Amino acid sequence: DELIDQNSLTCDSKNVDSCTLSNIKESSSSSSYLLDKIDKTYYFLYDVNHGEGFNLRRDVYVRIANLVYNLREKTNQEWILVLPPIGPLYHWFNYELKRTQIPWSQFFDIESLNRFVPVIEFNDFLKKFNLQQNQPVVIDYVYYLQHFKEGWGEHFEEKVELRTCNEENTYYDYDNHEHLFNGWFFGYDNIRSKQFHCLSAQGFVNILIDFIIKNLTWPSQTMKPKSVLFDRAETLLHNDYGGINYWRARRSNRIRSQQLNSTDENDRTKLIYDWTKMKREHGAAIGGPYISVHLRRRDYVQARSKQIPSLASAAKQLCVLLDKYQLDQIYLSTDADENEIQEFKTYVSNINSTYRVIHYKPDKTELETILDGGKAIIDQWICAHGKYFIGSYESTFTFRIQEDREIFGFSKETTFNRLCGGDSDNCEKSSVWTIVY
Ligand SMILES: C[C@@H]1O[C@H](OP(=O)(O)OP(=O)(O)OC[C@H]2O[C@@H](n3cnc4c(=O)[nH]c(N)nc43)[C@H](O)[C@@H]2O)[C@@H](O)[C@H](O)[C@@H]1O
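Parameters and conventions
Residues numbered from 1 in each chain as written. Predicted model: local features only at pLDDT ≥ 70, side-chain atom pairs only at ≥ 80, totals over all residues. Helix = DSSP H or I, 4+ residues; strand = E, 2+ residues; numbered from the N terminus. Buried ≥ 20, exposed ≤ 12 C-beta atoms within 10 Å, placed from the backbone. Contact = placed C-beta atoms within 7 Å. Domains from an automatic or database assignment. Nonpolar A, V, L, I, M, F, W, Y, C, P; charged D, E, K, R; others polar. Pairing = 2+ DSSP bridges. Axes fitted to C-alpha atoms, helices over the stretch in contact; angles between N-to-C directions. Near = placed C-beta within 6 Å. Parallel < 35°, antiparallel > 145°, perpendicular 65-115°, else oblique. Left-handed = near helix turned anticlockwise from the far one by under 90°.

1. Points about the overall build of the protein
Regarding its fold elements, the protein presents 13 helices and 13 strands. A buried classification covers 38% of the 437 residues belonging to the protein. Across the protein, every contact between residues at least 6 apart in sequence was considered, and the portion connecting residues at least 24 apart equals 76%.

This is the structure:
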């Protein structure tokens, strides 16, 4: 203990490598104890462009989980994925609710994630530093991913290269070239990085594996966690989109069942707790007696104006489906405001007054517990259980629902559907991404 104390005394913010065994006068009685203290783990951290929504972030998680999975295999090192605290997110409009530093355990089952790659929450990562007062947590390397300024070129080529930064970012040399950088770091104070670089990168996420192996070095006997953070992780592509490990990482990305409590034996959508043991055929699930719709509004109305239906057209397209499937209930999942929801309901009841539109609206206390993210997840979960689902063109919110339906074993015809844009009811079909085991 004395030796450790002596060591930590030399561990100051200006000399972050000082917490190594080499600084300690070794004695034979203490060396084996100290060897136990050497941290053999490597921590992989990442962040995503702040404007991106929750379900795009879930997609980036799948990319990064696959990268860490392959990194572990290739290096034989104990890499652990640190889950980036969630928020604030642009689309979460209830500003009075908790909006930042939300742990993944608020929405996801951490044990399930761990069955694919080892993960820890950011807060637990911070605890590993076991710091004395006022010492910053120092991440060894931070890379800000960016595209190549000159564009993709004529041929697709995978490459990474340290470059000057294309655009402003949140990182800056904190203490006048003493080599500690400050940055956003999920809004936490007193976190720094020893190195910061912009890294132009194009290609698939696995390109970072060789980069790490070739370029990153750490003292061999450090007691301090070894860590690297890649910001703007959405820059790189899925390594094997739709492949087995895509689906394994996606299946591990399970929402917390305690909160949702909506599995249903009759609908044949019962989950097996351990996702690695669950395998369903298409058509095994039947679903509840309603048509579920994800009707994306707000920024999409401008961003995808040709692909997003008018409210009147959406109501018409849904009533045709209710007739076809002989159902009379629509579950409406939407980010629309209250006026638009009422307008949509009126269109439906004008077509057929016996049709019901159900929409989930938590009361104030419930919302304070589940937050905007929890409400969105509940919407998605109910959509995933409907007899027939229809979503919005190229929305990652819709994609995650379709994936959950694939995991449940619904037929493809009841899952991969999209609303047609404008006032049309005839458009190109949704892409079909079937599950692979
Ligand atoms: C235009 C782009 O759209 C991308 O969104 P897109 O893929 O639909 O999907 P997300 O990445 O999930 O972002 C949309 C967010 O809007 C809210 N939202 C959307 N639809 C619903 C709904 O039916 N119910 C509830 N409760 N909430 C909804 C929710 O917070 C969701 O995470 C964004 O990731 C990008 O940042 C960008 O804005």
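2. Some words on the domain arrangement of the protein
Assigned domains of the protein: these are domain 1 (39–235) and domain 2 (260–414). A separation of 33 Å is found between the C-alpha centroids of domain 1 and domain 2. In this assembly, 17 residues from domain 1 lie in contact with 15 residues from domain 2. Top contributing element to the side of domain 1 that touches domain 2 by residue count: helix 3 (residues 54–75), with five residues. Of the residues that constitute the side of domain 1 that touches domain 2, the class distribution is seven nonpolar, six polar and four charged.

3. Let's talk about the sheet that holds strand 13 (residues 386–390)
The strand order across the open sheet formed by four strands is 12-11-10-13, and the pairing between neighbours is parallel. Each edge of the sheet is formed by a strand with only one pairing partner; in this case those strands are strand 12 (356–358) and strand 13. Across the sheet, the mean angle separating the axes of adjacent strands is 30° when strand polarity is ignored. Sheet topology note: the strand 10 (residues 288–295)/strand 11 (residues 329–334) ladder contains five bridges and is parallel. Within strand 11, the residue paired with S292 across the bridge is Y331.

4. Some points on the site of the ligand
Lining the immediate surroundings of the ligand are 23 residues, of which G53, F54, N55, S395 and T396 lie closest. Counting residues per element, the ones that place at least two in the shell around the ligand are helix 3, helix 9 (299–303), strand 11, helix 12 (364–384) and helix 13 (396–408). Top element by residues in the shell around the ligand is helix 12. It accounts for four residues. Residue composition of the shell around the ligand, grouped by class: seven nonpolar, nine polar and seven charged. Of the residues that make up the shell around the ligand, three or more belong to each of domain 1 (39–235) and domain 2 (260–414).

5. Some words on the environment of L327
If you trace the backbone, L327 turns up in the loop between helix 10 (311–325) and strand 11. On the basis of neighbour counts, which here come to 17 C-beta atoms within 10 Å, the residue L327 falls in the partly exposed class. With 56 residues separating them in the primary sequence, L327 and L271 have C-alpha atoms 25 Å apart. Once residues lying within four places of it in the same chain are set aside, the contact partners of L327 are P289, Y290, I291, L322 and K387.

6. Let's talk about the packing of helix 3 against helix 13
Here helix 3 crosses helix 13 at 55°, and the two axes come no closer than 7 Å. Relative to helix 13, helix 3 is oriented oblique. Once helix 3 is placed against helix 13, the crossing between them reads as left-handed. Note on element contacts: helix 13 touches helix 3 through T396, F397, F399 and R400, opposite N55, L56, R58 and D59. Tallied by class, the residues present in the contact of helix 3 with helix 13 amount to three nonpolar, two polar and three charged.

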